[in-house]
Amino acid sequence: MMGGVGKKPTHTQVAMSQAHIASSEAAIVGRLIRPDHGHFSPEVARELLSIRFGDEDQARLRELSLKAQQGTLTPEEQAAMENYRRVGYWLGILWSKARLSLKKAGMDATHEHRA
(Lines give C-alpha, C1' and ligand atoms only; values in the text may rest on other atoms or scores of the structure.)
Protein backbone atom coordinates (compact mmCIF):
# COMPACT_ATOMS: atom_id res chain seq x y z
CA MET A 1 0.00 0.00 0.00
CA MET A 2 1.35 3.45 -0.84
CA GLY A 3 3.04 5.14 2.10
CA GLY A 4 1.73 2.59 4.60
CA VAL A 5 -1.48 2.72 6.66
CA GLY A 6 -2.50 6.25 7.60
CA LYS A 7 0.48 7.84 5.87
CA LYS A 8 0.39 10.06 2.84
CA PRO A 9 2.20 8.63 -0.18
CA THR A 10 5.59 10.11 -0.89
CA HIS A 11 6.21 12.26 -3.96
CA THR A 12 8.21 9.39 -5.45
CA GLN A 13 5.39 6.91 -4.86
CA VAL A 14 2.85 9.25 -6.45
CA ALA A 15 5.16 9.89 -9.41
CA MET A 16 5.72 6.14 -9.86
CA SER A 17 1.97 5.50 -9.76
CA GLN A 18 1.33 8.25 -12.32
CA ALA A 19 4.18 6.94 -14.49
CA HIS A 20 2.51 3.50 -14.44
CA ILE A 21 -0.81 4.97 -15.57
CA ALA A 22 0.86 7.20 -18.15
CA SER A 23 2.79 4.29 -19.64
CA SER A 24 -0.26 2.49 -21.00
CA GLU A 25 -0.11 1.79 -24.71
CA ALA A 26 -2.80 4.40 -25.39
CA ALA A 27 -0.99 7.09 -23.40
CA ILE A 28 2.34 6.39 -25.09
CA VAL A 29 0.79 6.45 -28.57
CA GLY A 30 -1.08 9.64 -27.75
CA ARG A 31 2.09 11.39 -26.63
CA LEU A 32 4.03 10.09 -29.61
CA ILE A 33 1.55 10.90 -32.36
CA ARG A 34 -0.26 13.88 -30.77
CA PRO A 35 -3.40 13.45 -32.90
CA ASP A 36 -4.70 16.87 -31.85
CA HIS A 37 -1.78 18.56 -33.65
CA GLY A 38 -2.28 18.48 -37.42
CA HIS A 39 1.24 19.03 -38.71
CA PHE A 40 1.39 16.63 -41.66
CA SER A 41 1.82 18.08 -45.13
CA PRO A 42 -1.24 17.56 -47.35
CA GLU A 43 0.67 14.95 -49.37
CA VAL A 44 1.61 12.96 -46.27
CA ALA A 45 -1.89 13.31 -44.85
CA ARG A 46 -3.48 11.99 -48.06
CA GLU A 47 -1.04 9.09 -48.17
CA LEU A 48 -1.83 8.15 -44.56
CA LEU A 49 -5.56 8.30 -45.29
CA SER A 50 -5.02 5.86 -48.16
CA ILE A 51 -3.68 3.13 -45.86
CA ARG A 52 -6.14 0.26 -45.68
CA PHE A 53 -6.09 -3.40 -44.73
CA GLY A 54 -5.68 -5.58 -47.82
CA ASP A 55 -8.23 -8.13 -48.99
CA GLU A 56 -6.55 -11.02 -47.13
CA ASP A 57 -6.49 -9.09 -43.85
CA GLN A 58 -10.11 -7.99 -44.29
CA ALA A 59 -11.15 -11.59 -44.91
CA ARG A 60 -9.20 -12.72 -41.84
CA LEU A 61 -10.81 -9.99 -39.73
CA ARG A 62 -14.29 -11.06 -40.86
CA GLU A 63 -13.48 -14.68 -40.01
CA LEU A 64 -12.10 -13.76 -36.59
CA SER A 65 -15.03 -11.45 -35.86
CA LEU A 66 -17.52 -14.19 -36.67
CA LYS A 67 -15.69 -16.68 -34.46
CA ALA A 68 -15.52 -14.07 -31.67
CA GLN A 69 -19.31 -13.55 -31.89
CA GLN A 70 -19.77 -17.32 -31.69
CA GLY A 71 -17.35 -17.58 -28.77
CA THR A 72 -15.12 -20.06 -30.59
CA LEU A 73 -11.80 -18.18 -30.88
CA THR A 74 -8.70 -20.16 -29.99
CA PRO A 75 -6.05 -18.44 -27.87
CA GLU A 76 -3.98 -17.88 -31.04
CA GLU A 77 -6.97 -16.31 -32.77
CA GLN A 78 -7.63 -14.10 -29.75
CA ALA A 79 -4.03 -12.91 -29.96
CA ALA A 80 -4.48 -12.22 -33.68
CA MET A 81 -7.65 -10.21 -32.97
CA GLU A 82 -5.77 -8.19 -30.36
CA ASN A 83 -2.99 -7.49 -32.86
CA TYR A 84 -5.51 -6.27 -35.43
CA ARG A 85 -7.19 -4.14 -32.75
CA ARG A 86 -3.91 -2.48 -31.80
CA VAL A 87 -2.95 -1.83 -35.42
CA GLY A 88 -6.42 -0.40 -36.05
CA TYR A 89 -6.03 1.86 -33.04
CA TRP A 90 -2.72 3.21 -34.38
CA LEU A 91 -4.24 3.66 -37.81
CA GLY A 92 -7.20 5.55 -36.34
CA ILE A 93 -4.86 7.95 -34.56
CA LEU A 94 -2.86 8.55 -37.73
CA TRP A 95 -6.06 9.10 -39.74
CA SER A 96 -7.30 11.57 -37.14
CA LYS A 97 -4.11 13.57 -37.33
CA ALA A 98 -4.13 13.39 -41.13
CA ARG A 99 -7.72 14.67 -41.32
CA LEU A 100 -6.87 17.51 -38.93
CA SER A 101 -3.80 18.36 -41.02
CA LEU A 102 -5.93 18.60 -44.16
CA LYS A 103 -8.54 20.68 -42.36
CA LYS A 104 -5.84 23.12 -41.18
CA ALA A 105 -4.61 23.32 -44.78
CA GLY A 106 -8.16 24.19 -45.91
CA MET A 107 -8.65 20.85 -47.67
CA ASP A 108 -11.49 18.33 -47.50
CA ALA A 109 -10.46 15.03 -45.91
CA THR A 110 -13.70 13.15 -46.60
CA HIS A 111 -12.64 11.96 -50.06
CA GLU A 112 -8.90 11.75 -49.54
CA HIS A 113 -8.50 7.96 -49.59
CA ARG A 114 -8.18 5.37 -52.30
CA ALA A 115 -10.70 2.55 -52.63
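Draft legend 1. Just the pattern of salt bridges, in detail. Under the counting rule described, the total for this entry stands at five salt bridges. Its salt-bridge partner being Arg46, residue Glu43 comes within 4.0 Å of it at the nearest N-O pair. Of this pair, Glu43 and Arg46 are both found in helix α3 (residues 42-49), three residues apart, which corresponds to roughly one turn of the helix. For Arg46, a relative accessible area of 25% translates into the label partly exposed. Put simply, Arg85 and Glu82 hold a salt bridge, and the shortest N to O gap is 2.4 Å. Of the two residues, Arg85 and Glu82 are both situated in helix α5 (residues 75-104); the distance of three residues between them amounts to about one turn of the helix. A relative accessible area of 45% places Arg85 in the partly exposed class.

Draft legend 2. Up close: the packing of aromatic side chains. Applying the stated criterion to the full structure yields one aromatic pair. Measuring from ring centre to ring centre gives 5.7 Å for Phe53 and Tyr84, while their planes differ by 65°; the resulting arrangement is edge-to-face. Within this pair, whereas Phe53 is found in the loop between α3 and α4 (55-70), its partner Tyr84 is found in helix α5, the two being separated by 31 residues in sequence. By relative accessible area, Phe53 is classed as partly exposed at 25%. Given the relative accessible area of 17%, Tyr84 is considered buried. One cation-aromatic arrangement involves Lys97 over Phe40; the distance from NZ or CZ to the ring centre is 5.2 Å.

Draft legend 3. Region of the structure containing α3. Taken together, the buried positions of α3 are occupied by Ala45, Leu48 and Leu49. Down the axis of α3, the buried set is contained in an arc of 100°. They therefore lie on one face. Lining the buried residues of α3 we find α5.

Draft legend 4. Just the nonpolar core, in detail. Counting residues in each nonpolar core, the largest one holds 10 residues, listed as Val29, Ile33, Ala45, Leu48, Leu49, Ile93, Leu94, Ala98, Leu102 and Ala109. Counting only elements with at least two residues in this core, the list comes to α2 (25-33), α3 and α5. Per element, the largest residue contribution to this core is four residues, and it comes from α5.

Draft legend 5. Broad picture of the packing of α4 against α5. The geometry of α4 relative to α5 is characterised by a closest axis approach of 10 Å and an angle of 125° between their N-to-C directions. As far as their axial angle goes, α5 and α4 are oblique. The two elements α4 and α5 meet at a crossing, and its hand is left-handed. In contact with Asp57, Arg60, Leu61, Leu64, Ser65 and Lys67 of α4, α5 contributes Glu77, Ala80, Met81 and Tyr84. A breakdown of the residues in the contact of α4 with α5 according to their chemical character gives five nonpolar, one polar and four charged.

The rules behind these values
Residues numbered from 1 in each chain as written. Predicted model: local features only at pLDDT ≥ 70, side-chain atom pairs only at ≥ 80, totals over all residues. Heavy atoms only, no water. Salt bridge = Lys/Arg side-chain N within 4 Å of Asp/Glu carboxyl O. Helix = DSSP H or I, 4+ residues; strand = E, 2+ residues; numbered from the N terminus. Buried < 20%, exposed > 50% of the residue type's maximum accessible area, 1.4 Å probe, protein only. Phe/Tyr/Trp six-rings, centres within 6.5 Å; stacked < 30°, edge-to-face > 60°. Lys NZ or Arg CZ within 6 Å of the ring centre and 35° of its normal. Arc of directions from axis to C-beta. Contact = heavy atoms within 4.5 Å. Core = buried A, V, L, I, M, F, W, Y, C linked by side-chain atoms within 4.5 Å. Axes fitted to C-alpha atoms, helices over the stretch in contact; angles between N-to-C directions. Parallel < 35°, antiparallel > 145°, perpendicular 65-115°, else oblique. Left-handed = near helix turned anticlockwise from the far one by under 90°. Nonpolar A, V, L, I, M, F, W, Y, C, P; charged D, E, K, R; others polar.

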